[in-house]
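# Structural features, examined
Below are the chains, spelled out letter by letter.
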Amino acid sequence: MNSQIVALLVILGVSLGQKTPSISSITPHQIKDAKESVDLQCSVLNLSDFPVIWKKKSQSGGIILSSGEYLIDRDSRYDILYDKSSSTFTLKIKDLEESDAGTYQCQILLSAVYQITAEVELQVRRASDKYSHNPTQSSESE
């Protein structure tokens with residue numbers, strides 16, 4: 001019942017001239033090497049007072065990393081930036097580890113059950129894999 005009320009309020013908000021929030025862009029698929037850094041960007045439109053979160057997707061649903069301009073996960077390798085002029089939330093991860101690989105979601109939370117979601121896949125290669133696909137690369141120890 002509660003979710004029906006929220007959906008009705010969103011519809012009423014749109015009919016009263018308020019625009020529905022949306023995600024206008026998200027960083028495309030990323031392939032990075034271990035120890036590198038990555039910036040995952042999510043730009044939103046018509047945000048109003050709805051919270052935006054970054055979440056790492058998992059089999060159990062996911063781990064919330066940030067909400068708005070605040071980090072939830074206290075991993076010192078993470079940072080969150082918000083650029084008001086472009087309405088862009090940037091999740092920065094430095095010193096990447098293989099365990100950072102996965103699907104990251106940017107979500108606008110409309111209610112406990114309704115959200116607008118965009119995803120970006122992050123692949124993290126081991127440092128030893130960096131040159132393994134390049135047969136022309138020679139070893140300097142020869």
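Residues numbered from 1 in each chain as written. Predicted model: local features only at pLDDT ≥ 70, side-chain atom pairs only at ≥ 80, totals over all residues. Heavy atoms only, no water.

### Considerations on the overall build of the protein
For the protein, the count of helices and strands is 1 helix and 10 strands. Walking the protein from its N terminus toward its C terminus, one meets helices and strands in the order α-β-β-β-β-β-β-β-β-β-β. Per-residue burial for the protein yields a buried fraction of 32% across its 142 residues. Accessible surface, the protein: about 9100 Å² in total, of which carbon and sulfur atoms supply 50%. (Helix = DSSP H or I, 4+ residues; strand = E, 2+ residues; numbered from the N terminus. Buried < 20%, exposed > 50% of the residue type's maximum accessible area, 1.4 Å probe, protein only. Areas by Shrake-Rupley, 256 points an atom, 1.4 Å probe, with all protein chains shown as cover.)

### Observations regarding the environment of Arg77
If you trace the backbone, Arg77 turns up in the loop between β6 (70–71) and β7 (78–83). Accessibility expressed as a relative area gives 11% for Arg77, which makes it buried. In this structure, Arg77 is in contact with Lys92, Ile93, Lys94, Asp95, Leu96, Glu97 and Asp100, ignoring residues within four places of it in sequence. Of note is the side chain of Arg77, whose polar atom sits 3.2 Å from the backbone oxygen of Asp95. For Arg77, the side chain forms a polar contact with the side chain of Asp100, separated by 2.7 Å. (Contact = heavy atoms within 4.5 Å. Polar contact = N/O pair within 3.5 Å; in protein donor to acceptor, adjacent residues only side chain to side chain.)

### A word on the state of the cysteines
A covalent bond between the sulfur atoms of two cysteines is referred to as a disulfide. Under the criterion given, the structure shown has 1 disulfide. One disulfide bridge connects Cys42 with Cys106, the sulfur atoms lying 2.0 Å from each other. Disulfide Cys42 to Cys106: torsion about the S-S bond roughly -75°, handedness left-handed. Of this pair, Cys42 sits in strand β3 (residues 38–45) while Cys106 sits in strand β9 (residues 102–109), and the two are 64 residues apart along the sequence. Of the two residues, Cys42 and Cys106, neither departs from the other in class, the shared state being buried. (Disulfide = S-S within 2.5 Å.)

### Regarding the sheet that holds strand β8 (residues 88–93)
Across the sheet, which stays open at both edges, the 4 strands sit in the order β1-β3-β8-β7 with antiparallel pairing between neighbours. Looking at which strands have only one partner, the edges of the open sheet turn out to be β1 (22–26) and β7. Averaged over all pairs of adjacent strands, the angle between strand axes in this sheet comes to 20°, irrespective of strand direction. Examined bridge by bridge, β1 and β3 share 4 bridges and lie antiparallel to one another. The partner of Ser22 across the bridge, within β3, is Leu45. (Pairing = 2+ DSSP bridges. Axes fitted to C-alpha atoms, helices over the stretch in contact; angles between N-to-C directions.)

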